[in-house]
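Structural overview for review
For reference, the chains in residue letters:
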Amino acid sequence: SMASPALLMRVVASAYSVAEKAATIVRNVMSAGDLGIVEKAGPNDLQTKADRLVQMSICASLARKFPKVTIIGEEELSTDNVTEDLIEDGHCEEILKKPCPAQYTGIKEEELVIWVDPLDGTKEYTEGLLDHVTVLIGIAYGGKAIAGVINQPYYNYEAGANAVLGRTIWGVLGMGAFGFQLSEAPAGKHIVITTRSHSNALVNECISALNPDHVIRVGGAGNKIIQLIEGKASAYVFASPGCKKWDTCAPEAILHAVGGKITDICGNSFQYNKEVKHMNSAGVLATLRNYDYYASRIPNTVKESLVP
């Protein structure tokens, strides 16, 4: 008989279905019209009813199936009284059929940490910039992001009334990434993608040092990594604290699975073990290709202002 799928593949297959359920919740909250917006640390740090329901759904669904996995979500919420309608029990069969990369076949539940951003791009969600919004489920082992799921609930939303909304991108290190068409930015063009709402002098100094042909300002870390892997941008640069481990874990796994690279502004890898601090205080530098070109142009003044 076939050996049962390795734990990692079961977790990814479940996370895929859990993310699709999350996307349905995100769309339902929006179409019901009451976003239930709460300001957390200020007007750029918002939480909506969708953030709350989605996090409860993701964390409770995965905890029920994988009780020994550590799950860390952005919102401070208890999952004690989660209603059954928020639980997703399904999994993606296609993912279960793929062989687990050899280096991950022996992983035990208690060795995994799952980082969850229930709704990345909340501010954009409240403003109707729906293509910026993603649901992020990142899976870490030994402090490294090794697998990830990114759902875009509103992918295709401008394609008209009959368009199929949403898509799920997933990837595993050593296997690749799926659910999108990998594409590189035009050769010789320096298209920098950066923050939309958290700009400051340092962010801008860093960008001008790269002498970009074009700068794209959009919300959401998940969205920015998707722009890299689909060839819309050549580098994602954010010279500021503000982004957290749940913003980068899933996107990092997918980017690394297709040969890209993400670090902080100073070139350090991100760590994802459960004890790590949540803030990526030294910003983000990510590319699909040509990482060294961009890294070599980050000014020392910028690096010295950002302490990991």
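Residues numbered from 1 in each chain as written. Predicted model: local features only at pLDDT ≥ 70, side-chain atom pairs only at ≥ 80, totals over all residues. Heavy atoms only, no water.

**Focus: the sheet that holds strand β13 (residues 284–287)**
Formally: We call two strands paired when DSSP finds no fewer than two bridges between them. A run of H or I in DSSP counts as a helix once it spans at least four residues, and a run of E counts as a strand once it spans at least two, with each numbered from the N terminus. Fitting a line to C-alpha atoms yields each axis, with helices limited to the stretch in contact; the angle taken between N-to-C directions then spans 0 to 180 degrees. Two residues qualify as a contact provided that any one of their heavy atoms is within 4.5 Å of a heavy atom in the partner residue.
Taken in spatial order, the 5 strands make up an open sheet running β10-β9-β11-β13-β12, and their pairing is mixed. Where the open sheet ends on each side, the last strands, each with one partner, are β10 (214–217) and β12 (261–263). Adjacent strand axes in the sheet meet at a mean angle of 20 degrees when their direction is disregarded. In the sheet, β12 pairs with β13 via 3 bridges, with the strands oriented antiparallel. By the bridge assignment, I262 is partnered in β13 with A286. Most of the contacts of helix α7 (residues 245–257) go to β12, to which it runs at about 145 degrees, and overall it touches β12 and β13.

**Description of the UniProt feature "binding site: Mg(2+)" (unreviewed entry) in the protein**
Our working rule: UniProt positions are given in the numbering used here, feature names are shortened, and annotations may be inferred rather than shown by experiment. Whether a set of points on the 1 Å grid over the protein atoms alone is a cavity depends on a 1.4 Å probe fitting there but being unable to get out, while an open set qualifies as a pocket with protein on both sides within 12 Å along at least five of seven lines; lining residues are those with an atom within 4 Å of a point. Throughout, exposure labels follow a simple rule: accessible area from a 1.4 Å probe, protein chains only, divided by the maximum for the residue type, with under 20% read as buried, over 50% as exposed, and the rest as partly exposed. Polar contacts here mean pairs of N or O atoms no more than 3.5 Å apart (in protein, one a potential hydrogen donor and the other a potential acceptor; neighbouring residues in sequence count only if both atoms are side-chain atoms).
UniProt tags E74, D117, L119, D120 and D247 as "binding site: Mg(2+)" (unreviewed entry). Judged by maximum C-alpha separation, these annotated positions cover 174 residues in sequence but sit close together in space, the widest gap being only 9.6 Å. Of the annotated set, the members that line the largest pocket are E74, D117, L119, D120 and D247. Mapped onto the elements, D117 comes out in strand β4 (residues 112–120). Given a relative accessible area of 1%, D117 falls into the buried group. Not counting residues within four places of it along the chain, the set of residues in contact with D117 comprises E74, T134, V135, L136, W246 and D247. The residue D120 is located in strand β4 in this model. Residue D120 is classed as buried on the basis of its relative accessible area of 5%. Polar contacts involving the side chain of D120 include one to the main-chain amide nitrogen of A221, which spans 2.8 Å.

**Looking at the environment of K40**
Mapped onto the secondary structure, K40 falls in strand β1 (residues 38–42). Residue K40 is classed as partly exposed on the basis of its relative accessible area of 36%. Each C-alpha atom of the pair K40 and E75 lies 9.9 Å from the other, and the pair is 35 residues apart in sequence. If we skip the residues at most four places from it in the chain, K40 touches D45, L46, Q47, E74 and E75. A polar side-chain atom of K40 sits 2.8 Å from a polar atom in the side chain of E75.

**Looking at the packing of helix α6 (residues 221–229) against α7**
To keep things clear, this is the line we draw: The scheme is simple: roughly parallel for angles under 35 degrees, roughly antiparallel for over 145, roughly perpendicular for 65 to 115, oblique for anything else. Left-handed describes a crossing in which the near helix is turned anticlockwise from the far one by less than a right angle; the clockwise case is right-handed. Asp, Glu, Lys and Arg are counted as charged, while Ala, Val, Leu, Ile, Met, Phe, Trp, Tyr, Cys and Pro are counted as nonpolar; the rest, among them Gly, fall into the polar class.
Across the interface, α6 lies against α7 with an axial gap of 9 Å and an inter-helix angle of 15 degrees. In terms of orientation, α6 lies roughly parallel with respect to α7. The handedness of the crossing between α6 and α7 is right-handed. Across from A221, G222, I225, L228 and I229 in α6, the residues of α7 making contact are D247, P251, I254 and L255. Here the residues of the contact of α6 with α7 sort into 7 nonpolar, 1 polar and 1 charged.

**Things to note about the layout of surface pockets**
If a probe as big as a water molecule is rolled over the atoms, it shows which places are left empty. Quick note on the threshold: Grid points are joined across faces, edges and corners, and a volume is the space filled by probe spheres set on the points.
One number sums up the size of the largest pocket: a volume of about 570 Å³. If you go around the largest pocket, you meet 31 residues; those closest to its centre are N44, D120, H198, G242 and D247. Where the lining of the largest pocket is concerned, the elements lending two or more residues are β1, β2 (45–47), β4, α4 (122–127), α6 and β11 (235–238). Looking at the lining of the largest pocket residue by residue, the class counts come to 9 nonpolar, 9 polar and 13 charged.

**Side note on the side chain of T122**
Tracing the backbone shows T122 in helix α4. Setting aside residues no more than four positions away along its own chain, T122 makes contact with L46, Q47, T48 and D51.

**Observations regarding the domain arrangement of the protein**
Note the following rule: Domain start and stop points were drawn from an automatic or database domain assignment. Each of two parts loses accessible area, computed with a 1.4 Å probe, when they are put together; buried area is these two losses added. Put simply, a salt bridge is a Lys or Arg side-chain nitrogen that is within 4 Å of an Asp or Glu carboxyl oxygen.
Domains assigned within the protein are domain 1 (7–178) and domain 2 (191–305). Contact with domain 1, which involves 41 residues of that partner, is made by 30 residues of domain 2. For the domain 1 and domain 2 pair, buried surface summed over both sides reaches about 2,600 Å², with 65% attributable to carbon and sulfur atoms. It is W115, H132 and A145 that lose the most area in domain 1 upon contact with domain 2, and together they represent 24% of the buried surface on that side. E127 is paired through a salt bridge with R196; the nearest N and O atoms lie 2.5 Å apart. At the level of secondary structure, the elements contributing two or more residues to the side of domain 1 that touches domain 2 comprise β3 (70–73), β4, α4, β5 (134–141), β6 (144–152), β7 (167–172) and β8 (176–178). The dominant element in the side of domain 1 that touches domain 2, judged by the number of residues it contributes, is β6, at 8 residues. Here the side of domain 1 that touches domain 2 is built from residues that sort into 19 nonpolar, 12 polar and 10 charged.

**Quick look at the sheet that holds β4**
The strand order across the open sheet built from 6 strands is β3-β4-β5-β6-β7-β8, with neighbouring strands paired in mixed fashion. Every other strand in the sheet has two partners, leaving β3 and β8 as the edge strands with one partner each. Across this sheet, the average inter-strand angle for adjacent strands is 15 degrees, counted without regard to direction. Both β7 and β8 contribute to a ladder of 3 bridges, which runs antiparallel. By the bridge assignment for β8, W170 is matched with F178.

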